[in-house]
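Here are the chains, one letter per residue:
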Amino acid sequence: MGEPDSSWLKEGRKADMISQTLREARKYEEVFEKMIGEEERPGFHLSARTGWMNDPNGFSFYKGKYHLFYQYHPFDSHWGPMHWGHAASSDLLNWEYLPAALAPDEVYDRNGCFSGSAIPLPDGRHLLMYTGVARERLGNGAVNDIQTQCIAVGDGIDYEKYGKNPVINSGNLPEGGSKYDFRDPKMWRKEDGSYCCVIGNRAADGSGQILLFTSQDGFAWKYEKVLIENVSRYGKMWECPDFFLLDGKGVLLTSPTDMLPVGFEYHNGNGTLCLIGDFDQETDSFTEQNHQAIDYGIDFYAPQTVLTPDGRRVMIGWMQNWDTCNMRDQKVAWFGQMSLPRELSIKDGRLIQKPVRELEKLRQGEVAYRDVSIDGTASLEGIQGRMVDMELEIRPEREEEAYHKFAVRFAQNGQYYTSLSFHPRDSILKIDRKFSGSRRAIIHQRRSLVNSKNGKLKLRIILDRFSVEVFVNDGEQALSAILYTDQAADGISFLSDGAVKMDIVKYGLLRG
Ligand code: FRU
């Protein structure tokens, strides 16, 4: 196996590897972070240290900690020239901010350091691969962003961009592949010590394709093949791919732009797609078997996974929807948060997602009720709060008598609430945040087809200050949505049309 190239990294260069652009970002975030009170942030979801956050990047385990980078514009709560923000954690829930890792400070990334990934190198260094964006002006005044893949190497705090960047450029593209939509490399290391990477690209037909590259040392990369093609089936460009083996299957996660709805499976706009199939490791061939959305709520995009030291495949996504970014008051100190990290598995050809088991350590103050009868409206002593982990199991009160509707409302007071309602007749679960306090004419509800027999349903609902995540039937489906409802609205109530029996366990959640 080739040794990683380190000839360019000379002793004593560390001091000047921090550019003025990165220094300014680091100074800014350090000062302005202090202006954000702890209670103004999510309790256990990672949010932008200052300014704007989008996609998770570089999710990896390095030097005994999880590292999570993110698309970052520290100076403003809107998207702008992309930096990489950085945080580290021992348990995936208590995150410590680290100084911004990358800034757009080289010719090849002057207009942005877009999404990418990270892996530890055998020599102890941390390797980042990201998309460098450089704007090109055409003769007719039009502008185009050229996207190339670049690397940086560091120690978990400071990263130096490689002297031979970009390491993958338009010369490595297959025939017809766009050099303007060529982004979001996700690397992994194979058992034989070599490296692979998948990158999103737009093919000649204008729709997405996933390209596979390989490397012996992580520095010199070679184009192998088109791993998976969209051929205009699911949205257009495929952003932020991740590819891995799980429970004997090959799994592609990607975030297609401009999707059309297909029944209750996909929704309009930028969405998420999981393709599950057989992967032949000899020939690197993927045979698709099933497709599904990754998240069935409103806000979830660009997820990325890490393999934990104990062998779990854990995914984290940007808990936001590009089309609903202006839901929040414009004058805010931070915008954008990550989803909960979720443990993935495959069951009966479908993706199962469960909140990481570490979340259970944050639980406190159990309140439980069994066999509660609900017929009309009800609230239960001790069941309220905005930082909550709650498990509900519902069924008809009398087996032979179906109920028409069951709903749970949360983040509720006299004025506001968000609801999750279930109609057993058509097996549809609906999330609706119309009354959550939003003053914008944007999407506020989504319906999703769930598995339910005889009116039975199991829900795990996790509330943080500014979000809800719902896990249906032990992780068969997940629905995420952000909420900016006034924190004083902390009520939870239940209603039914027809008689329902419910078991419920609720815990408060508090970061250690
Ligand atoms: C996805 C995305 C990526 C890109 C990044 C830019 O949300 O559009 O494809 O790398 O955001 O911030």
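**Student:** What is the right way to look at the site of the ligand in this model?
**Tutor:** The environment of the ligand is formed by Asn 54, Asp 55, Gln 71, Trp 79, Met 82, Phe 114, Ser 115, Arg 183, Asp 184, Glu 239, Tyr 301 and Trp 322. Between an oxygen atom of the ligand and a side-chain N or O atom of Gln 71, the distance comes to 2.7 Å. Across the complex, the protein chains shield 95% of the 320 Å² of accessible surface that the ligand would expose by itself. Elements represented by at least two residues in the shell around the ligand include exactly strand E1 (51-62), strand E5 (113-120) and strand E9 (182-189). The residue inventory of the shell around the ligand, partitioned by class, reads five nonpolar, three polar and four charged.

**Student:** Sorry if this is basic, but what is going on with the pairing of strand E12 (residues 221-229) here?
**Tutor:** Strand residues, when the strand is regular, have side chains that alternate between the two faces of the sheet. Looking at chain direction, strand E11 (residues 208-215) and E12 are connected through seven bridges and run antiparallel. Within E12, the residue paired with Phe 213 across the bridge is Tyr 223. In this antiparallel pair of consecutive strands, E11 and E12, the connection spans five residues, and Gly 218 shows a positive phi of 90 degrees.

**Student:** Help me understand helix H1 (residues 20-33) in this model?
**Tutor:** Every α-helical turn comprises 3.6 residues, leaving residues that sit three or four positions apart pointing alike. With 14 residues, H1 extends 20 Å from end C-alpha to end C-alpha; this agrees with the ideal 20 Å at 1.5 Å per step. All of the buried residues along H1 are Leu 22, Ala 25, Arg 26 and Glu 29. All buried residues of H1 project into a common sector of 95 degrees when viewed along the axis, lining one side. Against the buried residues of H1 lie strand E2 (65-73), strand E3 (83-89) and strand E4 (95-102).

Scoring rules and cut-offs
Residues numbered from 1 in each chain as written. Predicted model: local features only at pLDDT ≥ 70, side-chain atom pairs only at ≥ 80, totals over all residues. Heavy atoms only, no water. Near = heavy atom within 4 Å. Polar contact = N/O pair within 3.5 Å; in protein donor to acceptor, adjacent residues only side chain to side chain. Areas by Shrake-Rupley, 256 points an atom, 1.4 Å probe, with all protein chains shown as cover. Helix = DSSP H or I, 4+ residues; strand = E, 2+ residues; numbered from the N terminus. Nonpolar A, V, L, I, M, F, W, Y, C, P; charged D, E, K, R; others polar. Pairing = 2+ DSSP bridges. Expected span 1.5 Å × (residues − 1). Buried < 20%, exposed > 50% of the residue type's maximum accessible area, 1.4 Å probe, protein only. Arc of directions from axis to C-beta. Contact = heavy atoms within 4.5 Å.

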